[in-house]
Amino acid sequence: MFAKDLLKGHKILVTGGGTGLGRTMTERFMELGAHCIIWGRRGGVLEETAAELREKTGGSCDVDAVDIRNPMAIDEAMERAFTGGPLTGLVNNAAGNFISRTEDLSPNAFNAIASIVFHGTFNTTNAAGKRWIAGGHKGNILSIVTTWVWTGSPFTVPSAMSKAGVAAMTQSLAVEWGPKGIRANAIAPGPFPTKGAWERLMPQTGAGSSGLESLTAASIPMRRVGEHAELGNLAAFLMSEHTEYLTGEVIAIDGGQWLATAGNFHALSAWGDPEWQAARSAIQASNASDRTARTSG
Ligand code: HXC
């Protein structure tokens, strides 16, 4: 199904490509012959990932340390990405999220998520789209959203709102930019364990297990979490020429979970103040350690 040179001649930018799902997709694209460019905030992490993936796949990968909360930085980096030839594909993967009671969120907390997922994804997409349109090039946009775009999601309202916006962008641009040869799709992954997401969505609170881990497996009709290779394959399929007529779609890959549960965090309604305080401390400790890594990276 996935011929060795499926993505030969492709040049694909993956935001948040240094870790987690972004790294998984980058690895699969490189294995299948694409040249990749990965963006992320931590230069050191990007360099390390690119070196490991070049070694593992024999493919090629460039890195650029870009914070997609900064529109100027996006535009400059997009110019570099198009140097030597247009991108053929853009994967909007960079995201941020944490669980919290909505009434505990400050405006700044909302912006911490929306500035990455909502504004950052739009600005990155538009920076690529303008260049594709100006040059008369074809383009392919793939955004990573969640099944919350259909159900909403309690305790992760800024993420659910922002991801729903990205799904609306996907459908809108499929129509607006379709005549220009640009397509846009999204993948809504269910639970694919990654360090970044798990530390913020299932923090180890020390106040007793949230029960979410077991809830997750029990709530998935396929009775397991996703394997990263499964997501990599779907992303590669959507980036390939074989799906050129497929546009404007949001495709869930979640073992049937959203149909069974309509959202991931309803069980947290049982938490009281101690659990929420412990979760907040655990998340902030994780954020602080990431910030330290960024400063030193
Ligand atoms: C309430 C909180 C909080 C919490 C932070 N804040 N944590 N409020 N509860 N648990 C508030 C802070 O008080 C502050 O507001 C504001 O949010 C910003 O806090 P910072 O500590 O400065 O955060 P920041 O450094 O901006 O980092 C936040 C982040 C970071 C950008 C989201 O965690 C990050 O870089 N994450 C990337 C990795 C990640 O999140 N991956 C998960 C993606 S998962 P005040 O008012 O006090 O200043 C995903 C979907 C998964 O997208 C789907 C699974 C099924």
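Worth saying up front: this structure is predicted, and the values here are computed from it rather than measured.

Rules used in this analysis
Residues numbered from 1 in each chain as written. Predicted model: local features only at pLDDT ≥ 70, side-chain atom pairs only at ≥ 80, totals over all residues. Heavy atoms only, no water. Core = buried A, V, L, I, M, F, W, Y, C linked by side-chain atoms within 4.5 Å. Buried < 20%, exposed > 50% of the residue type's maximum accessible area, 1.4 Å probe, protein only. Helix = DSSP H or I, 4+ residues; strand = E, 2+ residues; numbered from the N terminus. Pairing = 2+ DSSP bridges. Axes fitted to C-alpha atoms, helices over the stretch in contact; angles between N-to-C directions. Near = heavy atom within 4 Å. Polar contact = N/O pair within 3.5 Å; in protein donor to acceptor, adjacent residues only side chain to side chain. Areas by Shrake-Rupley, 256 points an atom, 1.4 Å probe, with all protein chains shown as cover. Nonpolar A, V, L, I, M, F, W, Y, C, P; charged D, E, K, R; others polar. Expected span 1.5 Å × (residues − 1). Contact = heavy atoms within 4.5 Å. Phe/Tyr/Trp six-rings, centres within 6.5 Å; stacked < 30°, edge-to-face > 60°. Lys NZ or Arg CZ within 6 Å of the ring centre and 35° of its normal. 1 Å grid on protein atoms, 1.4 Å probe; cavity = no way out; pocket = protein on both sides within 12 Å on 5 of 7 lines; lining within 4 Å. Points joined across faces, edges and corners; volume = space filled by probe spheres on them.

## Quick notes on the nonpolar core
Stage number 1. Among the nonpolar cores identified, the biggest contains 32 residues, and Trp 39, Met 78, Leu 87 and Trp 132 are the most heavily contacted of them.
Stage number 2. Looking at which element gives the most residues to this core, the answer is helix H4 (residues 107-135), with six residues.
Stage number 3. Formed by 28 residues, the second largest nonpolar core is a distinct cluster that contains Met 30, Ile 38, Ile 187 and Met 239.

## Looking at the sheet that holds strand S2 (residues 35-40)
The strands that make up a sheet are held in pairs by hydrogen bonds between backbone atoms, and each pair lies either parallel or antiparallel.
Stage number 1. Judged by pairing direction, the sheet is parallel, and its seven strands sit side by side in the order S3-S2-S1-S4-S5-S6-S7 without closing on themselves. Each of the sheet's edge strands pairs with one partner strand only, and the pair in question is strand S3 (60-65) and strand S7 (250-253). Sheet twist, expressed as the average angle between the axes of neighbouring strands with direction ignored, equals 20 degrees.
Stage number 2. Alignment of strand S4 (residues 89-92) against strand S5 (residues 139-144), held across three bridges, turns out to be parallel.

## Here's the deal with the site of the ligand
Stage number 1. Near the ligand lie 26 residues; those nearest to it are Arg 41, Ser 106, Asn 108, Asn 287 and Arg 291.
Stage number 2. Contact between the ligand and Asn 287: an oxygen atom at 2.7 Å from a side-chain N or O atom of the residue.
Stage number 3. Bound to the protein, the ligand loses 80% of the 1100 Å² it would expose on its own.
Stage number 4. Of all the secondary structure elements, the ones that give two or more residues to the shell around the ligand are H4, helix H7 (195-201) and helix H11 (273-296).
Stage number 5. Within the shell around the ligand, the residues separate by chemical class into eleven nonpolar, nine polar and six charged.

## Brief notes about H11
Stage number 1. For H11, with 24 residues, the first-to-last C-alpha span of 35 Å sits near the 34 Å given by 1.5 Å per residue.
Stage number 2. Those residues of H11 not exposed but buried are Trp 276, Ala 278, Ala 279, Ile 283, Ser 286 and Asp 290.
Stage number 3. In this structure, the buried side of H11 is in contact with H7.

## A look at the packing of aromatic side chains
Stage number 1. One pass over the structure, following the stated rule, counts four aromatic pairs.
Stage number 2. Ring centres of Trp 271 and Trp 276 lie 4.7 Å apart, and the angle between their planes is 65 degrees; on these two criteria the pair is classed as edge-to-face. No difference in accessibility class separates Trp 271 from Trp 276, as the two residues are buried.
Stage number 3. Sitting above the plane of the Phe 2 ring, Arg 28 keeps its charged end 5.2 Å from the centroid.

## Some thoughts on empty space enclosed by the protein
Stage number 1. Applying the stated rule across the entire model yields one cavity of 30 Å³ or more.
Stage number 2. Secondary-structure elements contributing two or more residues to the lining of the largest cavity are H4 and helix H6 (157-176).

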